[in-house]
Each structure stands twice: as structure tokens, then as C-alpha cells.
Amino acid sequence: MATYESLIKITGAVGDLVFYTLNGKNVVRKKSGFNKAAFKKDPSYEKVRQNSSEFGHCSKIGKIIRNTLEVYIRKAGDPLLYQKFAKVMTTIKDLDMISGRGKRTVENGLKTEEGKKLLREFQLGTFPNISDCIRIEDQILYQSEDCSADKAVIMTIKLDSENYSTEYAEEIISWNQQQQRPFKKYFSENDVLLYFMILKNDHDEITHMGFV
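Residues numbered from 1 in each chain as written. Predicted model: local features only at pLDDT ≥ 70, side-chain atom pairs only at ≥ 80, totals over all residues. Heavy atoms only, no water.

### Let's talk about the overall build of the protein chain
Right, so step 1: Along the backbone of the protein chain there are 6 helices and 11 strands.
Right, so step 2: In the protein chain, which comprises 212 residues, the proportion classed as buried is 38%.
Right, so step 3: Partitioning the contacts of the protein chain with sequence separation of at least 6, the portion at a separation of at least 24 is 54%.
Right, so step 4: Total accessible area computed for the protein chain in this model is approximately 13,200 Å², and 50% of it derives from carbon and sulfur atoms. (Helix = DSSP H or I, 4+ residues; strand = E, 2+ residues; numbered from the N terminus. Buried < 20%, exposed > 50% of the residue type's maximum accessible area, 1.4 Å probe, protein only. Contact = heavy atoms within 4.5 Å. Areas by Shrake-Rupley, 256 points an atom, 1.4 Å probe, with all protein chains shown as cover.)

### Structural notes on the sheet that holds strand E9 (residues 180-182)
Right, so step 1: Within the open sheet, the 3 strands sit side by side as E5-E6-E9. Their pairing is antiparallel. Edge positions in the open sheet fall to strand E5 (134-137) and E9, since each of these has one partner strand only. This sheet shows a mean twist of 25 degrees between the axes of neighbouring strands, independent of strand direction.
Right, so step 2: Here 4 bridges tie E5 to strand E6 (residues 140-143), and the two strands are oriented antiparallel to one another. Residue pairing across strands places Glu 137 opposite Ile 140, the latter belonging to E6. (Pairing = 2+ DSSP bridges. Axes fitted to C-alpha atoms, helices over the stretch in contact; angles between N-to-C directions.)

### With respect to the confidence of the model for the protein chain
Right, so step 1: Per-residue pLDDT for the protein chain averages 85, and the proportion of residues at 70 or more is 87%.
Right, so step 2: For the protein chain, per-element mean pLDDT is lowest for strand E1 (residues 2-3), which scores 60, and highest for helix H6 (residues 113-120), which scores 96. (pLDDT = per-residue confidence, 0-100.)

### A few points about the packing of aromatic side chains
Right, so step 1: Here the structure, examined in full by the defined rule, presents 6 aromatic pairs.
Right, so step 2: Relative to Phe 122, the ring of Phe 85 lies with its centre 5.1 Å away and its plane at 70 degrees, an arrangement referred to as edge-to-face. Here the residue Phe 85 occupies a position in helix H4 (residues 81-93), and Phe 122 occupies one in the loop between H6 and E5, the gap between them amounting to 37 residues. Phe 122 carries the same exposure label as Phe 85, and that label is buried.
Right, so step 3: Look at Phe 85 and you get buried, because its relative accessible area is 3%.
Right, so step 4: An aromatic cluster of at least three residues, connected via ring pairs, comprises Tyr 72, Phe 85, Phe 122, Phe 196 and Phe 211.
Right, so step 5: In this structure, Lys 60 is placed above the aromatic ring of Tyr 164, and the distance from its NZ or CZ to the ring centre is 5.1 Å.
Right, so step 6: One cation-aromatic arrangement involves Arg 135 over Tyr 142; the distance from NZ or CZ to the ring centre is 4.3 Å. (Phe/Tyr/Trp six-rings, centres within 6.5 Å; stacked < 30°, edge-to-face > 60°. Lys NZ or Arg CZ within 6 Å of the ring centre and 35° of its normal.)

### Examining empty space enclosed by the protein
To find leftover empty space, one rolls a probe the size of a water molecule over the atoms.
Right, so step 1: All chains considered together, the criterion is met by 1 cavity of 30 Å³ or more.
Right, so step 2: Its volume calculated, the largest cavity comes out at about 30 Å³.
Right, so step 3: In terms of lining residues, the largest cavity is bounded by Arg 66, Leu 69, Ile 73, Leu 81, Phe 85, Phe 122, Leu 124 and Phe 211.
Right, so step 4: For the lining of the largest cavity, the class distribution of residues is 7 nonpolar, no polar and 1 charged. (1 Å grid on protein atoms, 1.4 Å probe; cavity = no way out; pocket = protein on both sides within 12 Å on 5 of 7 lines; lining within 4 Å. Points joined across faces, edges and corners; volume = space filled by probe spheres on them. Nonpolar A, V, L, I, M, F, W, Y, C, P; charged D, E, K, R; others polar.)

### So, the layout of surface pockets
Right, so step 1: Approximately 710 Å³ is the volume found for the largest pocket.
Right, so step 2: Around the largest pocket sit 25 residues that line it, and Lys 116, Leu 193, Leu 194, Tyr 195 and Val 212 are the ones nearest its centre.
Right, so step 3: At the level of secondary structure, the elements contributing two or more residues to the lining of the largest pocket comprise helix H5 (106-110), H6, E5 and strand E10 (192-200).
Right, so step 4: Partitioned by chemical class, the residues of the lining of the largest pocket number 12 nonpolar, 2 polar and 11 charged.

Dropping the structure here:
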């Protein structure tokens, strides 16, 4: 891309050059050599097509999860959360050892222990990560002794990666100084379920949140 000065203002294509205005300056660049038809069929673009397909999948999965948690994500106040979450979705997708390249999914990545760990360790804004306080085992929430909370909200999220949609159920739990509490079971054991939790103090202020 280059700028130019001329008494005549040119807009559009001339030969293999394209003229246009950008931020008040006259700009000229060469036409792109990209060919859409070749991209779809040419074997030399196969790896690019695979990467593009997986990137789109990760972006969509990240978006539907973020939309489900929107009310809490806003409280995190992290302007870069979109990029950070897209990155962790891609890393989780890379753990899918079942599917061929170009068809790897976040869902299969989440079925691995490493994938679950990556999601649990993802931090939203400046809030301390809840995985340091809470763990789940057999529909029971266990709270560590050095992490107190007066109230907790747990969201059970059903992830449908085929239709790019979610369903969720939300339950409010009062701890009452107990170290463990059962929570309700929603959806089927065969569904892909994510658990997101928010801890609050007696002033209804969030102290921790994240995936468990």
C-alpha cells in the first residue's frame, strides 16, 4: 500500500492497481491475488481451509458460551476477554485427538482432563479464580477452608456444538458455613455440561467466579 499525490482524484481499479481514500489520504495498492474459487477447491489451499474451518468453529463456540455468561462477564470488566477466551477455545480444540485436522472440536477437547483444566484455570477479569476455592465431585460442591462465601450461584450449561447453542439452569446456594453442598442435577449425563460458579459475600458482591 502506498500514498500518492495527484491533481486528479482516482477511485477504483486501473489495471492491477486499486485506488481509494483511507483516513483522508489517497492510497494505491496492487490487486489481491486471492482467488475465491481456487480457495474452495485447490489442494494447495487445503491446510488454509482446515485452519479456517476450525477457527470459525472456535469463534462460534466461544461466542455462545460468552453470551450465556454475559451478565457476569460484564462485571469482569476485561476489554480483552473476547480475545483471551477465543485463544483458550483454540487451545482446547487442539486437544481433540479423535477428529481429523479441519474437523477438531472444542467439545472433544473438553472431554480430556487437560481441556477441563484449561477451562477451570481461565480467569475472568481481576476476579480470583474459583477453582482455587471450589471443586465438584458427584454433584457435590466442596469448598476449601481458606475460601469463605455467604452465597453461591452455580450455572449448569448444556453445550450443543452441532447447533451452536446452549441451555442453562441456574441455582442459588446458601453455604451457612458448610464445607460441602449438593446441587441439583440438570440435563442428561450424555450431554456436554459446563459448570460456572459465582461466589458472593454478605453484601452480594462477587468475590470469585469461573468454571469448576
